[in-house]
Amino acid sequence: MLTRFTGAARRAMVRAGTLALDAGRPTLDTGLLLLALAETRPFVLGTFTATPEAVREHVDTGDARGLLATLGIDLDEVRRRTRGGADDPARWRLARTPFKPLRVVLYGPLGEVPLAMHARKAVEVAMWRPGPVTGERLLWGLLADGSNGAGRILRAVGVEVPALVEEAGIPTRRRRCTA
């Protein structure tokens, strides 16, 4: 599935996976996917004004930096020394499990993490149209489902969601089938 993603969108998906694994989360959820989009910026959207720091305040990342810093350990330095190339998108894949077709898992050198239901739906919306999956389409996937919390987080950090939807070219109405 990641083969359909552009390089920037693939990096955002891998970043979301590493955030989930670093946090010890059992699944990759939409909050982590939104945080990864804020960190990697796989698009050029002037109305996407969310900073990674602002989004992080609304997303539980289970960050151990503070605790380790009291022990004199720099977590970022440890990760740099031990992860040599683990964040390379070419070493990751996104696939449905063979016996549970609704289960989508991100596999990589750091481990594997299944996508939570809303994150899977966001990826499926992004892949719905033919062509490459871009950062804008991942954003569309997140905003297509009003119950996953992504829109709420964006509004909370000061993003004008209607303007973002318009700039990103996200469809807002379903076309009626006339058949």
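This structure is a prediction, so every number in the text was calculated from the model and none was measured.

Visitor: Quick rundown of the sheet that holds strand 2 (residues 104-108)? Include the residues and the values.
Guide: Strand order in the open sheet formed by 3 strands is 1-2-3, and the pairing between neighbours is antiparallel. Either end of the sheet is taken by a strand with one partner, and the two such strands are strand 1 (93-96) and strand 3 (111-114). Adjacent strand axes in the sheet meet at a mean angle of 25° when their direction is disregarded. Sheet topology note: the strand 1/strand 2 ladder contains 4 bridges and is antiparallel. For alanine 95, the partnering residue across the bridge sits in strand 2 and is valine 105. Against the sheet, helix 1 (residues 7-22) engages strand 2 and strand 3, with an angle of about 100° to strand 3.

Visitor: So what's going on with the packing of helix 1 against helix 2 (residues 30-40)? Residues and values would help.
Guide: Put simply, helix 1 and helix 2 touch, their axes get as near as 8 Å, and they point 125° apart. One way to sum up the angle between helix 1 and helix 2 is to call them oblique. Regarding helix 1 and helix 2, the two cross each other, and that crossing is right-handed. Packed against helix 1, whose contacting residues are Arg11, Ala12, Met13, Arg15, Ala16, Leu19 and Ala20, the element helix 2 presents Leu32, Leu33, Leu35, Ala36, Leu37, Glu39 and Thr40 at the interface. Tallied by class, residues from the contact of helix 1 with helix 2 come to 10 nonpolar, 1 polar and 3 charged.

Visitor: Residue-level account of the nonpolar core, with values.
Guide: Counting 50 residues, the largest nonpolar core has Phe5, Leu28, Phe48 and Leu154 as its most contacted members. Counting only elements with at least two residues in this core, the list comes to helix 1, helix 2, strand 2, helix 6 (117-127), helix 7 (135-144), helix 8 (150-156) and helix 9 (161-168). In this structure, leucine 154 is in contact with Leu34, Phe48, Ala50, Leu139, Leu143, Val159, Val161 and Leu164, ignoring residues within four places of it in sequence.

Definitions and cut-offs
- Residue numbers restart at each chain and count upward from 1, following the sequence in its written direction.
- Given that the model is predicted, a residue must reach a pLDDT of at least 70 before its local features are reported, and side-chain atom pairs must reach 80 or more before they are shown or counted; all residues, however, enter totals for whole chains, interfaces and linings.
- Derived side-chain values reflect all non-hydrogen atoms in the structure, with water molecules and hydrogen atoms excluded from consideration.
- Paired strands, as defined in this entry, are two strands with at least two bridges between them according to DSSP.
- Under the DSSP-based scheme used, a helix requires at least four consecutive residues in state H or I and a strand at least two consecutive residues in state E, with every element numbered from the N terminus.
- Every angle, taken between N-to-C directions, lies between 0 and 180 degrees, and every axis is a line fitted to C-alpha atoms, over only the stretch in contact when it is a helix.
- Should any heavy atoms of two residues lie within 4.5 Å, those residues are counted as being in contact.
- For classification, angles of less than 35 degrees are called roughly parallel, those exceeding 145 degrees roughly antiparallel, those between 65 and 115 degrees roughly perpendicular, and all remaining angles oblique.
- Throughout, a crossing is termed right-handed when the near helix is turned clockwise from the far one, and left-handed when it is turned anticlockwise from it by less than a right angle.
- Nonpolar residues are Ala, Val, Leu, Ile, Met, Phe, Trp, Tyr, Cys and Pro. Charged residues are Asp, Glu, Lys and Arg, and all others, Gly as well, are polar.
- For our purposes a nonpolar core is just a set of buried Ala, Val, Leu, Ile, Met, Phe, Trp, Tyr and Cys residues, chained together by side-chain atoms within 4.5 Å.
- Burial status follows relative accessibility: with a 1.4 Å probe on protein chains alone, a residue under 20% of its type maximum counts as buried, one over 50% as exposed, and anything between as partly exposed.

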